Amino acid sequence: MFLNNRNSKIINHMKKVLFISVLALFTAGLVAAGTPKGTAVKGRAAKADTLKVNTTSSVVEWEGSAPLKKHDGTLKLKSGYLVVKGKSINAGSFEIDLSSLTDVDLKDAKTNQMLIGHLSSPDFFDVKKFPVSVFKVTKVSPYTGKALADGLKPTHQVSGLLTIKDRTRAVTF
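Residues numbered from 1 in each chain as written. Predicted model: local features only at pLDDT ≥ 70, side-chain atom pairs only at ≥ 80, totals over all residues. Heavy atoms only, no water.

We now examine the packing of aromatic side chains. Per the counting criterion, the structure on display carries two aromatic pairs. Relative to F125, the ring of F124 has its centre 4.6 Å away and its plane inclined at 85°; by these criteria the two rings are edge-to-face. As far as the burial class goes, F124 and F125 line up, both buried. (Phe/Tyr/Trp six-rings, centres within 6.5 Å; stacked < 30°, edge-to-face > 60°. Buried < 20%, exposed > 50% of the residue type's maximum accessible area, 1.4 Å probe, protein only.)

Spelled out as structure tokens, the structure:
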């Protein structure tokens, strides 16, 4: 059974968890189309380089959850880039193709299609009307927090503006 509009609090929570998870995981799928060409020159600052995402070999992995349920899957990137100066990321933008939404945990084809249909419908992402989600990097800083539950310790904290449907929110992961 899938969530409906009467469960709006649960739906909003699931959307928040899903997109925070998407943002956290999509950074691992980024592959630059080239190597930075700018180098530091003695007495001058390094120039900024724009690195394009290789959309063919990059993928966004997502995880969404609700009480008693968890699903995961993938999304493709339509486009994206990072602006790098020296060893620092200064900016970036990524277009996530919501029409490429897949689920990888449900093995039954009918149930899988039901979930994808639900997530693509107007009561969730409304993919026909809003086929692309955009994330714009506004700040990247060293991570100073504790290690995660799985023992891994992130190296950076990324902040930006995430647009889903017609809403833009500031997010940090």
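Right, let's get into the environment of S88. As for its position among the elements, S88 is in strand 4 (residues 88-103). With 52 residues separating them along the chain, S88 and V140 place their C-alpha atoms 7.8 Å apart. (Helix = DSSP H or I, 4+ residues; strand = E, 2+ residues; numbered from the N terminus.)

Next up on the list: helix 2 (residues 109-120). Along its 12 residues, helix 2 runs 16 Å from first to last C-alpha, staying within 8% of the 16 Å computed at 1.5 Å per residue. What helix 2 keeps buried is the set N112, L115, I116, H118 and L119. With its buried residues spanning 160° around the axis, helix 2 presents them on a single face. Projecting away from the buried face of helix 2 at angles above 90 degrees are the exposed residues A109, K110 and Q113. (Expected span 1.5 Å × (residues − 1). Arc of directions from axis to C-beta.)

Following the criterion strictly, the structure yields two salt bridges and no others. Of the charged contacts, one joins K47 and D49 as a salt bridge, the two residues approaching to 3.7 Å between their closest N and O atoms. For the salt bridge of K70 with E63, the shortest nitrogen-to-oxygen distance reads 3.9 Å. (Salt bridge = Lys/Arg side-chain N within 4 Å of Asp/Glu carboxyl O.)

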